[in-house]
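Coordinate analysis (summary)
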Amino acid sequence: MVCLVIKSGGLAALPEWKALFARLMPQLEVRDWDDPTLDPAHVDYALVWKPEPGRLAHMVNLKAILSAAVGVDHITCDPIWPKTVPLIRMGGEEPALQMEDYVLWAVFSILRDAPTWRVGQQDKVWTRQDGPARTSAEMTVGVMGLGSLGAPVAMRLARAGFKVFGWARHAKTLEGVTSYAGTKGLSTFLHACNTLVCLLPETPETIGVVTYDVLAQLRKPAGLINVGRGPLVVEADLLRALNDGTLHTAVLDVFYREPLPVVSPLWAHPRVLITPHAAADSSRPARAEYVASVIQALEQGKDVPLRYDPVRGY
């Protein structure tokens, strides 16, 4: 019998996981990460969120590690994670749809200047904007990162009526999206955009990629939506840009430290909307369905998408 060990949701979630996999893949033996009777050598697959450093390395017969989230930095931060074992990012339709919905909400919030209404509500002030509101046709949105989440987000924005540009390391062709690639295309991409959506993975090359200089190249009024990873944005530069008007609005879902410390000036900034890393959070049924499909494919000797590449860093 194939054994899957789970570290996601704690012991309280185990009955639901077992019920889901009993329906999807009855031949799968589902065990809890902290089961004291578990023999690490017996584990074939591990579905994990923030595993304790060193634990995965003891599972010497692992066929694959499955991340319970789209990101894998919570696994690769372990200096001895078994790099020869395939590491698969979370996928499926649900997280992409959730991210599309979130970014669409964030872009419209910037378009209609929702932070001003939020401050007015808090202060009980009937705040109306001067002049007519912009429409979607008047805003250009740039999506940095055109992977499993960035690509559908960019196309959804295009269908919603925005002019959309995309940027990635390598050239991509997406319906309704004008794409740029590499270092040479970055400046042209930035100068074309009002609002920047950051959906890059966290790698040594992308950490700190969104600087004051990057934000200063955006068309005014400029907006930033970060739904990638917190370390991608230099927080001091972000605050500087917000305070001097270089950046008009920011919608932030991810941060360098999470939860965001109570002392952070971002909490009270009038031009910032904050959400608690909630842009895309797949349900257990959706994750179980995706994991079962991945395990079935691997057991049949097939390749699977969303496999982490240590060389690229994502």
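For the structure itself, consult the block above.
The present account deals with the structure reproduced in this document. Treat the numbers as computed from the prediction; the structure is a model and nothing was measured.

This part takes up the packing of helix 1 (residues 14-24) against helix 9 (residues 284-299). One can describe the packing of helix 1 onto helix 9 by two numbers: an axis separation of 10 Å at closest approach and a directional angle of 50 degrees. With respect to each other, helix 1 and helix 9 are oriented oblique. The crossing of helix 1 and helix 9 is right-handed. Taking contact as the criterion, the partners of Glu16, Trp17, Leu20, Phe21 and Leu24 in helix 1 are, on helix 9, Arg284, Pro285, Arg287, Ala288, Glu289, Val291, Ala292 and Gln296.

Summed over all chains, the structure comprises 5 aromatic pairs. Ring centres of Trp81 and Tyr308 lie 5.9 Å apart, and the angle between their planes is 65 degrees; on these two criteria the pair is classed as edge-to-face. Here the residue Trp81 occupies a position in the loop between helix 2 (73-76) and strand 5 (87-88), and Tyr308 occupies one in the segment after helix 9, the gap between them amounting to 227 residues. Exposure remark for Tyr308: the relative accessible area of 13% places this residue in the buried category. Seen from the ring of Tyr212, Arg240 lies directly overhead, with NZ or CZ sitting 3.5 Å from the centre.

Moving on to the pairing of strand 6 (residues 140-144). Strand 6 sits mainly inside the fold: 5 of its 5 residues count as buried. In terms of strand pairing, strand 6 meets strand 7 (residues 163-168) through 5 bridges, oriented parallel. Each residue of the ladder has a partner; that of Met144, found in strand 7, is Trp167. Since strand 6 and strand 7 lie parallel, the crossover through helix 5 (residues 150-159) that links them has a hand, and here it is right-handed. The pairing of strand 6 with strand 9 (residues 195-198) spans 4 bridges and is parallel. Bridge assignment links Gly142 to a residue of strand 9, and that residue is Leu196.

Our focus in this paragraph is the sheet that holds strand 11 (residues 249-252). Ordered in space as 8-7-6-9-10-11-12, the 7 strands form an open sheet in which the pairing is parallel. Two strands close off the open sheet at either side, each with one partner strand: strand 8 (177-181) and strand 12 (272-274). Neighbouring strand axes in the sheet, compared pairwise and without regard to direction, differ in orientation by 15 degrees on average. One ladder, built from 5 bridges, connects strand 7 with strand 8; its direction is parallel. Bridge pairing in strand 8 places Trp167 opposite Tyr180.

Glancing now at the pattern of salt bridges. All chains considered together, the criterion is met by 13 salt bridges. Measuring nitrogen to oxygen at the nearest pair gives 4.0 Å for the salt bridge that ties Lys63 to Asp44. Pair noted here: Lys63 is in the loop between strand 3 (45-48) and strand 4 (64-67) and Asp44 is in the loop between strand 2 (28-32) and strand 3, with a separation of 19 residues, a long-range link. Since its relative accessible area comes to 37%, Lys63 is described here as partly exposed. For the salt bridge of Glu52 with Arg55, the shortest nitrogen-to-oxygen distance reads 3.9 Å. For Glu52, a relative accessible area of 31% translates into the label partly exposed. Residue Arg55 is classed as partly exposed on the basis of its relative accessible area of 26%.

This part takes up a nonpolar patch on the surface. A cluster of nonpolar residues, Val262, Val263 and Trp267, forms a patch on the protein surface that exposes about 380 Å² of accessible area. Relative to the helices and strands, Trp267 is located in the loop between strand 11 and strand 12. Assessed through its relative accessible area of 44%, Trp267 is described here as partly exposed.

Analysis parameters
Residues numbered from 1 in each chain as written. Predicted model: local features only at pLDDT ≥ 70, side-chain atom pairs only at ≥ 80, totals over all residues. Heavy atoms only, no water. Axes fitted to C-alpha atoms, helices over the stretch in contact; angles between N-to-C directions. Helix = DSSP H or I, 4+ residues; strand = E, 2+ residues; numbered from the N terminus. Parallel < 35°, antiparallel > 145°, perpendicular 65-115°, else oblique. Left-handed = near helix turned anticlockwise from the far one by under 90°. Contact = heavy atoms within 4.5 Å. Phe/Tyr/Trp six-rings, centres within 6.5 Å; stacked < 30°, edge-to-face > 60°. Buried < 20%, exposed > 50% of the residue type's maximum accessible area, 1.4 Å probe, protein only. Lys NZ or Arg CZ within 6 Å of the ring centre and 35° of its normal. Pairing = 2+ DSSP bridges. Right-handed = clockwise from strand over helix to strand, strands pointing away. Salt bridge = Lys/Arg side-chain N within 4 Å of Asp/Glu carboxyl O. Patch = residues over 30% accessible without salt bridge, like charges linked within 9 Å, V, L, I, M, F, W, Y side chains within 5 Å. Areas by Shrake-Rupley, 256 points an atom, 1.4 Å probe, with all protein chains shown as cover.

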